[in-house]
Amino acid sequence: MKKLSAILGLMIFTLFSQNSFAKCEVTLTGNDQMQFDLKKIEVPGSCKKFKINLKHSGKLTKQVMGHNVVISKTEDMTEITQKAMAVGIKGDYVPKDSKVLAASKLVGGGEHTTLSVDIGKFKKGEKYTFFCSFPGHYALMKGDFLIK
Ligand code: ZN
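A few points on the structure. Since the structure is predicted, the reported quantities are computational estimates derived from the model, not experimental observations.

Moving on: the overall build of the chain. Within the chain one finds three helices and eight strands. Going through the 148 residues of the chain one by one, you find that 39% of them count as buried. Counted over contacts in the chain with a minimum sequence separation of 6, partners at least 24 positions apart contribute 72%.

Written as structure tokens, this is what we have:
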């Protein structure tokens, strides 16, 4: 009986670790002080898709303090933020460029959005950054996007 419960326990643990431990989503919050609450997002290697729930906890409109989340190779970030200015708010400051690996829409205070990231485009060991592409925001609003 003891052995059976040990086996059952192990089975439950295995199920639990597959479902809950590899968490393929995260909540990222931006505020009116031009800050994200995370400096790093870690993606478990087993995730095929990774969901980012973006929340804007502030009160300012998206015209003044809009936030989105864009992911690219770290070396491509500056180029994307320069192109974003030309795109403007109508295009959510996201250039149509293959260097943009994932991008959410732009939200203002009190709004939220979700972004589904296709992890198949990412390689382990490569350096990626997530950032807000609203003009000037990437200086503060950025962090490492790591595939574990
Ligand atoms: Zn922003």
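All right, on to the nonpolar core then. One recurring pattern in soluble globular proteins is that nonpolar side chains are buried together. Membership of the largest hydrophobic core comes to 28 residues, with the highest contact counts inside it found for Phe50, Ile52, Val117, Phe122 and Phe145. Among the secondary structure elements, those contributing two or more residues to this core are strand S1 (25-30), strand S2 (40-43), strand S3 (49-56), strand S6 (112-118), strand S7 (128-131) and strand S8 (142-147). With three residues, S3 is the single largest residue contributor to this core. In this structure, Val70, Ile80, Val100 and Phe131 belong to the second largest nonpolar core, which totals six residues.

A few words now on the coordination of the zinc ion. Every protein donor of the zinc ion is listed here as Gly66 (O), His67 (ND1), Cys132 (SG) and His137 (ND1), and their distances to the metal cover 2.1 to 2.5 Å. Because the angles between the four donor atoms bound to the zinc ion fall within 80 to 128°, the donor set is best described as irregular. Overall, the relative accessible area of 0% leaves glycine 66 in the buried class. Cysteine 132 sits in the buried class, given a relative accessible area of 0%.

Inspection of the sheet shows S1 paired to S3 by six bridges, in the parallel sense. For glutamate 25, the partnering residue across the bridge sits in S3 and is lysine 51. For S3 and S6, the ladder comprises seven bridges, and the chain directions are antiparallel. Paired with lysine 49 across the bridge in S6 is aspartate 118.

This paragraph deals with helix H3 (residues 77-87). The complete set of buried residues in H3 reads Met77, Ile80, Thr81 and Ala84. An end-on view of H3 places all buried positions within 100° of arc, on one side of the element. Along H3, exposed side chains directed more than 90 degrees from the buried face belong to Gln82, Met85 and Ala86. Summarising the contacts, the buried residues of H3 are in contact with strand S4 (70-73), S7 and S8.

On to the sheet that holds S3, then. Pairing in this open sheet of three strands is mixed, and the strands run S1-S3-S6 from one edge to the other. Strands with a single pairing partner mark the edges of an open sheet, and in this sheet they are S1 and S6. Here the strands of the sheet are splayed against their neighbours by 20° on average, with no regard to which way each runs.

Reading the values: rules and limits
Residues numbered from 1 in each chain as written. Predicted model: local features only at pLDDT ≥ 70, side-chain atom pairs only at ≥ 80, totals over all residues. Heavy atoms only, no water. Helix = DSSP H or I, 4+ residues; strand = E, 2+ residues; numbered from the N terminus. Buried < 20%, exposed > 50% of the residue type's maximum accessible area, 1.4 Å probe, protein only. Contact = heavy atoms within 4.5 Å. Core = buried A, V, L, I, M, F, W, Y, C linked by side-chain atoms within 4.5 Å. Donors = N, O, S within 2.8 Å, 3.2 Å for Na, K, Ca; no water. Tetrahedral: all angles 85-135°; square planar, octahedral: opposite > 155°, others 65-115°. Pairing = 2+ DSSP bridges. Arc of directions from axis to C-beta. Axes fitted to C-alpha atoms, helices over the stretch in contact; angles between N-to-C directions.

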